Amino acid sequence: MSSSNARAEAPAAGARGRSIAGRLAILYGVFAFVTLCLASAILYWAAVTGLLRHALHFPAEKIYVLRTMLREHPNNRSLLEEEVQWETSVIGHSRYLVQIALPDGTVVSETRGFGAALAQVRDFPAPIGLAHADPATRDVRTPAGRHYVLATATAQAGPDPAARRVVRLAVDVTNDDRILADIRRIVIAVLLVGIGLSSAIGLWVARRGLRPVREVADTIQGLSAARLSARLAPADWPPEPRELVAAFNHLLQSVDQAARRVPHLDTQLRPAPPPPL
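Read on for a plain summary of the structure. (Residues numbered from 1 in each chain as written. Predicted model: local features only at pLDDT ≥ 70, side-chain atom pairs only at ≥ 80, totals over all residues. Heavy atoms only, no water.)

## Remarks on the overall build of the chain
A tally of regular secondary structure across the chain gives seven helices and five strands. In sequence order, the chain lays out its α and β elements as α-α-α-β-β-α-β-β-β-α-α-α. By the burial criterion, 31% of the 277 residues in the chain qualify as buried. Put simply, of all contacts in the chain between residues at least 6 apart along the chain, 61% involve residues at least 24 apart. Of the roughly 17900 Å² that the chain leaves accessible, carbon and sulfur atoms contribute 63%. (Helix = DSSP H or I, 4+ residues; strand = E, 2+ residues; numbered from the N terminus. Buried < 20%, exposed > 50% of the residue type's maximum accessible area, 1.4 Å probe, protein only. Contact = heavy atoms within 4.5 Å. Areas by Shrake-Rupley, 256 points an atom, 1.4 Å probe, with all protein chains shown as cover.)

## Let's talk about the nonpolar core
Formed by 19 residues in total, the largest nonpolar core has its most connected members in L70, Y96, V98, I100, V167, L169 and V171. The set of elements that each furnish at least two residues to this core consists of α2 (20-72), α3 (77-86), β1 (95-101), β4 (147-156) and β5 (164-172). For this core, the element with the most residues is α2, which contributes five residues. In this structure, F114, V121, F124 and L150 belong to the second largest nonpolar core, which totals nine residues. (Core = buried A, V, L, I, M, F, W, Y, C linked by side-chain atoms within 4.5 Å.)

## Quick word on the layout of surface pockets
Its volume calculated, the largest pocket comes out at about 180 Å³. Going through the elements one at a time, α2 and α6 (211-221) are the ones with two or more residues in the lining of the largest pocket. For the lining of the largest pocket, the element with the most residues is α6, which contributes three residues. Its residues placed into classes, the lining of the largest pocket shows five nonpolar, one polar and two charged. (1 Å grid on protein atoms, 1.4 Å probe; cavity = no way out; pocket = protein on both sides within 12 Å on 5 of 7 lines; lining within 4 Å. Points joined across faces, edges and corners; volume = space filled by probe spheres on them. Nonpolar A, V, L, I, M, F, W, Y, C, P; charged D, E, K, R; others polar.)

## Here we look at the side chain of S198
Relative to the elements of secondary structure, S198 occurs in helix α5 (residues 174-209). On the accessibility criterion, S198 (12% relative accessible area) is buried. Within the structure, the side chain of S198 is placed 3.0 Å from the backbone oxygen of I195, a separation counted as a polar contact. For S198, the residues in contact, after removing those within four places along its chain, are Y28, G29 and A32. (Polar contact = N/O pair within 3.5 Å; in protein donor to acceptor, adjacent residues only side chain to side chain.)

## Some points on the sheet that holds strand β2 (residues 107-110)
Strand order in the open sheet formed by five strands is β2-β1-β5-β4-β3, and the pairing between neighbours is antiparallel. The outermost strands of the open sheet, each flanked by one partner alone, are β2 and β3 (137-141). Across the sheet, the axes of successive neighbouring strands diverge by a mean angle of 20°, strand direction being ignored. Two strands pair when backbone bridges link them, and β4 and β5 are joined in this way by nine bridges, in the antiparallel orientation. Looking at β5, one finds that A151 is bridged to L169. (Pairing = 2+ DSSP bridges. Axes fitted to C-alpha atoms, helices over the stretch in contact; angles between N-to-C directions.)

## Brief notes about α6
The complete set of buried residues in α6 reads P212, V216 and T219. Projected down its long axis, α6 shows its buried positions confined to an angular sector of 65°, all on one face. Within α6, the exposed residues directed more than 90 degrees away from the buried face are V213, D218 and Q221. (Arc of directions from axis to C-beta.)

## A closer look at α5
Here α5 is 36 residues long and its end C-alpha atoms lie 51 Å apart, about the 52 Å a rise of 1.5 Å per residue gives. Among the residues of α5, those classed as buried are T174, D176, L180, A181, V187, L191, G194, S198, G202 and A206. Those residues of α5 hidden inside the fold are in contact with α2, β4 and β5. (Expected span 1.5 Å × (residues − 1).)

## Section: the pairing of β5
Pairing of β1 with β5 involves seven bridges; the strand directions are antiparallel. Bridge pairing links L97 to A170 in β5.

## Brief notes about the packing of α2 against α5
Taken N-terminus to C-terminus, the directions of α2 and α5 make an angle of 160°; their axes are 8 Å apart at the nearest point. In terms of their interaxial angle, α2 and α5 are classed as roughly antiparallel. Where α2 crosses over α5, the handedness of that crossing is right-handed. For the contact of α2 with α5, the per-class residue count stands at 23 nonpolar, seven polar and three charged. (Parallel < 35°, antiparallel > 145°, perpendicular 65-115°, else oblique. Left-handed = near helix turned anticlockwise from the far one by under 90°.)

## Thoughts on a nonpolar patch on the surface
Together, Y28, V193, L197, I201, W204 and V205 make up an exposed nonpolar region whose accessible area comes to about 600 Å². Per-element tally for the nonpolar patch: the top contributor is α5, with five residues. Take I201: it is sitting in helix α5. (Patch = residues over 30% accessible without salt bridge, like charges linked within 9 Å, V, L, I, M, F, W, Y side chains within 5 Å. Salt bridge = Lys/Arg side-chain N within 4 Å of Asp/Glu carboxyl O.)

## Observations concerning the pairing of β4
Each regular strand carries side chains that alternate between the two faces of the sheet. When you tally the buried positions in β4, you get ten out of ten residues, the bulk of the element. Alternating positions in β4 separate into two faces, H147, V149, A151, A153 and A155 on one and Y148, L150, T152, T154 and Q156 on the other, with burial throughout. As paired elements, β3 and β4 share five bridges and run antiparallel to each other. The partner of R138 across the bridge, within β4, is L150. Here β3 hands over to β4 after five residues, with G145 in that stretch at a positive phi of 90°.

Encoded structure:
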């Protein structure tokens, strides 16, 4: 008998450990976490795509500008210096370095700091010909921790097709890496905070939604032979538990009426006393 009681109590304890409110809170948390992951992944992909598009398209645009200047104004050194020196410091959040050299390697003009920043970089891509607009690019990281996108192109200097220049471009995208790192940290923080808030809100919503069940349980626990007149008022409850509560109230009413008839039945069924002798 004791073993059967132990088996009966074990499932009850396990059932208490797996509450409906807890399960719903976990489901809410998982659903919110998946939703936040998808939204964060889309936003991160959009940020990465935008930064990569800038890093890949900017070298082609800048080489096009430099080629045009060298072809149309090969002797205007002040204009070339302005483009090489001054423009590099005002072009958005990316700094770029330019070197213009003769085919034999003699430097004609370069951005201040070009040699120092790229002193240990020897793997510039091969220069593209005049017929090609989009240069081949290459990513390098310097020992100083800077991240550059390198591009090389051949340019025509003046009307003479034989007069050539080699344009080397290095776009510093280190800030892009920092932006992506900041976005990753923000995404992780949002996910952690979101999973906590969604779980807490889910638990609160689940407990509020299960309030009718708790009230039914409290009413049942308070029932006794002397308190069969208790009723539940589901007017402000959701539609789902109203049918259950209506059936429960009907059951209570039937039991109450039956209990009230018991004394009358007992009086009617009690045998009459025997006649006196």
